[in-house]
Amino acid sequence: MSGLAHFIERQGIPTVVVSLIREHTVRMRPPRALHVPFQFGRPFGVPGAPDFQRRVLTAALRLLERCDGPLLEDFPEPAPEALEGASDDQQGWACPVNFSGPTFDPSSPEAYRQRLVQEILLLRPWCEESVRRQKGRRLDGLTSLSPEQIADHLVSYLHDQRIPSFVTGEPMARAIKLCADDLKHFYYQAALARPGRATGIAVDNWFFGDTAAGKLHIDLRKQLKTMDDPALRRVGEMNLVPHPMRHHVTE
Amino acid sequence: MVYMRDMGEAAQSRILGQELPDYGVTECRAGPPLSQRRIAIVTTSGLHKRADKSFSLGAGEYRIIPDDADANDLIMSHISSNFDRTGFQQDLNVVFPIERLRELAADVTIGSIASYHYAFMGATPPDAHQAVARDIAKLFMKDKVDGVVLAGV
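No experiment lies behind these values; they were computed from the predicted model shown. (Residues numbered from 1 in each chain as written. Chains lettered and ligands numbered in written order. Predicted model: local features only at pLDDT ≥ 70, side-chain atom pairs only at ≥ 80, totals over all residues.)

Asker: Hey, could you go over the overall build of chain B for me, with residue numbers and the actual values?
Answerer: A count of helical and extended segments in chain B gives four helices and seven strands. Along its sequence from the N terminus, chain B presents helices and strands in the succession α-β-β-β-β-α-α-β-β-α-β. Expected size for 153 residues packed as a compact globule is a radius of gyration near 15 Å; at 16 Å, chain B falls within 12% of this value. By its C-alpha atoms, chain B is 45 × 40 × 30 Å across when sized along the principal axes. In chain B, which comprises 153 residues, the share counted as buried stands at 47%. Counted over contacts in chain B with a minimum sequence separation of 6, partners at least 24 positions apart contribute 78%. (Helix = DSSP H or I, 4+ residues; strand = E, 2+ residues; numbered from the N terminus. Rg over C-alpha atoms; globule rule 2.2 N^0.38 Å. Buried ≥ 20, exposed ≤ 12 C-beta atoms within 10 Å, placed from the backbone. Contact = placed C-beta atoms within 7 Å.)

Asker: How would you explain the pairing of strand E1 (residues 15–19) of chain A if you had to name every residue and give the values?
Answerer: Among the five residues in E1(A), five count as buried, and that is most of the element. Along E1(A), one buried face is formed by Thr15(A), Val17(A) and Ser19(A) and the opposite face, lined by Val16(A) and Val18(A), is buried too. Summarising the sheet, E1(A) and strand E7 (residues 147–151) of chain B pair through four bridges and their orientation is parallel. Each bridged residue has a counterpart across the sheet, and for Val16(A) the counterpart in E7(B) is Val149(B). Considered for its hand, the β-α-β crossover made up of E1(A), helix H2 (residues 22–28) of chain A and strand E2 (residues 32–35) of chain A is right-handed. (Pairing = 2+ DSSP bridges. Right-handed = clockwise from strand over helix to strand, strands pointing away.)

Asker: Could you give an account of helix H3 (residues 50–63) of chain A, naming the residues involved and the relevant values?
Answerer: Taking 1.5 Å per residue, 14 residues should reach 20 Å; H3(A) reaches 20 Å between its end C-alpha atoms and fits that length. Buried residues of H3(A): Gln53(A), Arg54(A), Val56(A), Leu57(A), Ala60(A), Leu61(A) and Leu63(A), and no others. Elements in contact with the buried residues of H3(A): E1, E2 and strand E3 (71–74) of chain A together with strand E1 (38–43), helix H3 (98–106) and E7 of chain B. (Expected span 1.5 Å × (residues − 1).)

Asker: Let's hear about the interface of chain B and chain A: which residues, and what values?
Answerer: The interface of chain B with chain A comprises 73 residues on the first partner and 72 residues on the second. For the side of chain B that touches chain A, the secondary structure elements donating two or more residues are helix H1 (9–16), E1, helix H2 (86–90), H3, helix H4 (130–142) and E7 of chain B. Ranked by residue count, the leading element in the side of chain B that touches chain A is H4(B), at seven residues. Partitioned by chemical class, the residues of the side of chain B that touches chain A number 41 nonpolar, 21 polar and 11 charged. (Nonpolar A, V, L, I, M, F, W, Y, C, P; charged D, E, K, R; others polar.)

Below you can see the structure in the form of structure tokens.
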């Protein structure tokens, strides 16, 4: 981000960076930067808070008028808790579907598939409600596969790593990542159907702690970390289970 | 919440200790008052139109987001799992504040909005962006852009 600011400004266009990692910005010294004390993934603050977002954006834009760089200013307001969502103990948000039920045998591909299909079936009406509430906005679409097809492919891979890539033109590491993200986006869209604000951590804990799809992410991570292909290992180590959710992983 | 403090010591130290290039000091370019500027957004959130190819790791590539792109058509294929996506999932403006920019143009806080915005995927070595950033700067000039807001995730 700061590198891009250097490159673009050197071509004659004034730039300002909205920075989430102050330490990186201090070291990279872009011409102008506004550090914001928000969560990773939320450079303009909180969802559904246009006034707050506008204050952040305006503070960044105002820096464009200054030429005494490299300059780094701090946005003075934290993200308002009341707008950011429920507290970390998950109060204020609950998934619309309760998945508590008999356990299944994850060593059986059929049992795994069946559990996933059951979850998808229960979540689909909530996903559609969420799409309706968001005026047609869908979060999935990285692949052209349905959630059921993705579940089928990922379970197949988990039990037999010799199968060919299931996303046209993509190597297996990329196919797994795109499919895993698409499946996750379906679940998250359903989870966000309920009125009220949901925190990332509450939804993440629900996904990785309570759902078979979250378990599938964790199991894939474990499998991929053992592979010889460095691209597969990297996806396993870095790209399936976020650091704050690693407490759901039992090695 | 996905704040730095939630990342665990090892991850924090990896992020903070990350090797970064030294590009020295870049002279700030002057411009007209904000109320006369034409503004573009550059995001490194891995945002793109549904029909676009998803981002590839380390490629230093970008995607074009026309100013009139349908917000419902924008999806995210950033490879990292270590940032919050629920903000973006509830409100595009959390990463790509296009509606806020339109409001600021309407009340003349800014002059106008660029015809095209650009998206990259972070988690890419900065040097990989050097050549395409020059191309984008030329496109900005053609579009008379004189202010760019760059936001990461």
